[in-house]
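Notes for the structure review
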Amino acid sequence: PTSAQVSVAPHSGRFCYTLDNNLLTTEQRQFYEDNGYLLIKKLVSDEDIERFRKEFMRICKREVKPPGIMIMKDESLRSQFGQSENVVNKVQDFQENEELFRYCTLPEVLRYVECFTGPNIMAMHTMLINKLPDSDKQTFLHPMHQDLHYFPFRPASLIVCAWTAMERSHQDNGCLIVQPGTHKTTLKPHGYPEWEGKTNKLFHGLLDEDEKIPKVHLVMEKGDTVFFHPLLIHGSGINRTSGFRKSISCHFASSECHYIDVKNTTQEHLEKELEEMVRKKYNATSVELKDIWNFRARLVQGERINL
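This write-up is about the structure you can find in this document. Because the structure is a prediction, the values reported are computed rather than measured. (Residues numbered from 1 in each chain as written. Predicted model: local features only at pLDDT ≥ 70, side-chain atom pairs only at ≥ 80, totals over all residues. Heavy atoms only, no water.)

Regarding the overall build of the protein
What counts here: By the criteria applied, helices consist of DSSP H or I runs no shorter than four residues and strands consist of E runs no shorter than two, each listed in order from the N terminus. Exposure classes here rest on a 1.4 Å probe applied to the protein chains alone. A residue is buried below 20% of its type maximum, exposed above 50%, and partly exposed in between. Here, two residues are considered to be in contact whenever any of their heavy atoms come within 4.5 Å of each other. The Shrake-Rupley method, run with a 1.4 Å probe sphere, supplies the accessible areas, and residue values consider only the shown protein chains as cover.
The helix and strand tally for the protein stands at 7 helices and 16 strands. Buried residues in the protein amount to 57% of all 307 residues. Considering only contacts in the protein between residues 6 or more positions apart, those separated by 24 or more positions represent 80%. With the model as given, the accessible surface of the protein reaches about 13600 Å², and the carbon-plus-sulfur share is 50%.

Given below as structure tokens:
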């Protein structure tokens, strides 16, 4: 229903990062153009967020076990809390869980996604993050990074992340931090930061962070949704409260994007790490990066072309 709103002509002369559409105002398009992100207030309803929360709790308690889902935990807390939301930091790759995957199909979200990707939309990477209160053994700090580091498909301008706060997100509980305008830079080398005992598996960060670039803390209310470019440098702080900070997100891409070979690039070491993890998890002898992404990808609107 929304595809008629986006013209096939990719961009009017002054815009590089959004497609011509009848939804975004000129001011909103210019803001994304300049900053690499756009915050839309109260986009997702309380009712939907409550449904996502309930499903997350069911996954934590192992009442449901969706195929392919990756559950990341702080193992140091399991003896204290058992199987519960007190332990689970992230649920990733929920594309086979119909209840959580509803997030990726919400018409109110897709209307905006289409302004960046066009009408043929794939959900490529899904996550529900439950930022735990900071503990002595583990800090759930996500270093500053660019999401494109994780993705073996291009062009970057046809990829966008939708990230929705499931409760108020602010500096004390580890809200998103962005460096406006960094989406105009290139993909930078990433790796594990040198934080003793404080890194999570696959939480790569920039190896050379420019501290001079201003940072903005995105304070968001429940249901607020930020759309951002995959080259935007961003991260999140630690949760200094006793509660949780939940968010749900999906990286969307035009199905007209294409896979690239990451060998001999800054992404090669990530490819090896990911392939090794999947081989161990599924006891597979050989697996390729493209296979992993083919499994994760799911069409949400239009036609599946390349991805």
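And the narrative resumes.
Regarding empty space enclosed by the protein
For clarity, the cut-off: The way it works is a 1 Å grid over only the protein atoms, where trapped points that fit a 1.4 Å probe form a cavity and open points with protein on both sides within 12 Å along at least five of seven lines form a pocket, and then any residue with an atom within 4 Å of a point lines it. Grid points are joined across faces, edges and corners, and a volume is the space filled by probe spheres set on the points. Just so you know the grouping, Ala, Val, Leu, Ile, Met, Phe, Trp, Tyr, Cys and Pro go in nonpolar, Asp, Glu, Lys and Arg go in charged, and all remaining residues, Gly too, go in polar.
Tallied over the entire structure, the rule returns 1 cavity of 30 Å³ or more. Size it by volume and the largest cavity reaches roughly 410 Å³. Lining the largest cavity we find 30 residues, and of these Lys-90, Met-127, Ile-129, His-142 and His-145 sit closest to its centre. Mapped onto the lining of the largest cavity, the elements with two or more residues apiece are β3 (88–92), β4 (121–131), β5 (142–145), β7 (159–165), β13 (234–236), β14 (245–254), α6 (268–282) and α7 (289–296). Broken down by element, the lining of the largest cavity gets its largest block of residues, 4 residues, from β4. The residue makeup of the lining of the largest cavity, split by class, is 15 nonpolar, 9 polar and 6 charged.

Remarks on the nonpolar core
Applicable threshold: Here, nonpolar core means buried Ala, Val, Leu, Ile, Met, Phe, Trp, Tyr and Cys residues that are tied together by side-chain atoms lying within 4.5 Å of each other.
Within the largest apolar cluster, 40 residues are counted, with the highest numbers of intra-cluster contacts made by Val-91, Tyr-103, Cys-104, Val-109, Phe-227 and Phe-252. Put simply, the parts of the chain that give this core at least two residues each are β1 (37–40), α2 (46–60), β3, α4 (98–105), α5 (107–117), β4, β7 and β14. The leading source of residues in this core is α5, at 6 residues. Among the nonpolar cores identified, the runner-up in size contains 23 residues, and Leu-148, Phe-153, Leu-270 and Trp-293 belong to it.

Observations regarding the pattern of salt bridges
Pairing is possible between side chains of opposite charge, provided their charged atoms come close. Note the threshold: Only one rule defines a salt bridge in this text: a Lys or Arg side-chain nitrogen within 4 Å of an Asp or Glu carboxyl oxygen.
This model, assessed by the stated rule, comprises 17 salt bridges. Taking the shortest distance from any N to any O, the salt bridge between Glu-50 and Arg-53 comes out at 3.5 Å. Of the two residues, Glu-50 and Arg-53 are both situated in helix α2; the distance of 3 residues between them amounts to about one turn of the helix. For Glu-50, a relative accessible area of 31% puts it in the partly exposed group. Arg-53 gets classed as buried once you look at its relative accessible area, which sits at 18%. Taking the shortest distance from any N to any O, the salt bridge between Glu-98 and Arg-298 comes out at 3.1 Å. Separated by 200 residues along the polypeptide, Glu-98 in helix α4 and Arg-298 in strand β16 (residues 298–301) bring together distant segments of the chain.

Describing the packing of α2 against α4
Heads up, the condition is: Axis angles are defined between N-to-C directions and span 0 to 180 degrees, where every axis is a line fitted to C-alpha atoms and, for a helix, only to the segment in contact. We call a crossing left-handed when the near helix sits turned anticlockwise from the far one by less than a right angle, and right-handed when that turn is clockwise.
Where α2 meets α4, the axes come as close as 9 Å, and the angle between the chain directions of the two elements is 145°. Of the two elements, α2 crosses α4, and the hand of that crossing is left-handed. Counted together, Asp-48, Arg-51, Phe-52, Glu-55 and Ile-59 of α2 and Glu-99, Leu-100, Arg-102 and Tyr-103 of α4 form the full contact between these two elements. By residue class, the composition of the contact of α2 with α4 is 4 nonpolar, no polar and 5 charged.

What about unusual backbone geometry?
With an omega dihedral of 5°, the bond running from Arg-154 to Pro-155 counts as a cis peptide bond. Tracing the chain through its elements places Pro-155 in the loop between β6 (153–154) and β7. Even without glycine at this site, Lys-42 takes up a positive phi of about 45°. The topology assignment puts Lys-42 in the loop between β1 and α2. Phi is positive for Asn-264, close to 65°, though the residue is something other than glycine.

Considering the packing of aromatic side chains
Short version of the rule: The rule is short: rings of Phe, Tyr and Trp, with Trp giving its six-membered ring, pair when the centres are within 6.5 Å, and they are stacked under 30 degrees, edge-to-face over 60, tilted in between. Whether a charge sits over a ring comes down to the Lys NZ or Arg CZ being within 6 Å of the ring centre and within 35 degrees of the ring normal.
Under the defined criterion, the tally for this structure stands at 9 aromatic pairs. Measuring from centroid to centroid gives 6.2 Å for Phe-153 and Tyr-259, while their planes differ by 90°, and the two rings are edge-to-face. One end of the pair, Phe-153, is in strand β6; the other, Tyr-259, is in strand β15 (residues 258–259), with 106 residues separating them in the sequence. Each member of the pair, Phe-153 together with Tyr-259, is buried. Both rings, one in Phe-153 and one in Trp-293, keep their centres 5.4 Å apart while their planes meet at 75°; by these two values the pair is edge-to-face. Of this pair, Phe-153 sits in strand β6 while Trp-293 is found in helix α7, placing the two residues 140 residues apart along the sequence. Residue class for Phe-153 comes out buried when judged on its relative accessible area of 0%. Cluster of aromatic residues (ring-pair linked, three or more members): Tyr-32, Tyr-112, Phe-116 and Phe-227. Cation over ring: Arg-296 sits above Trp-293, and NZ or CZ is 4.6 Å from the ring centre.

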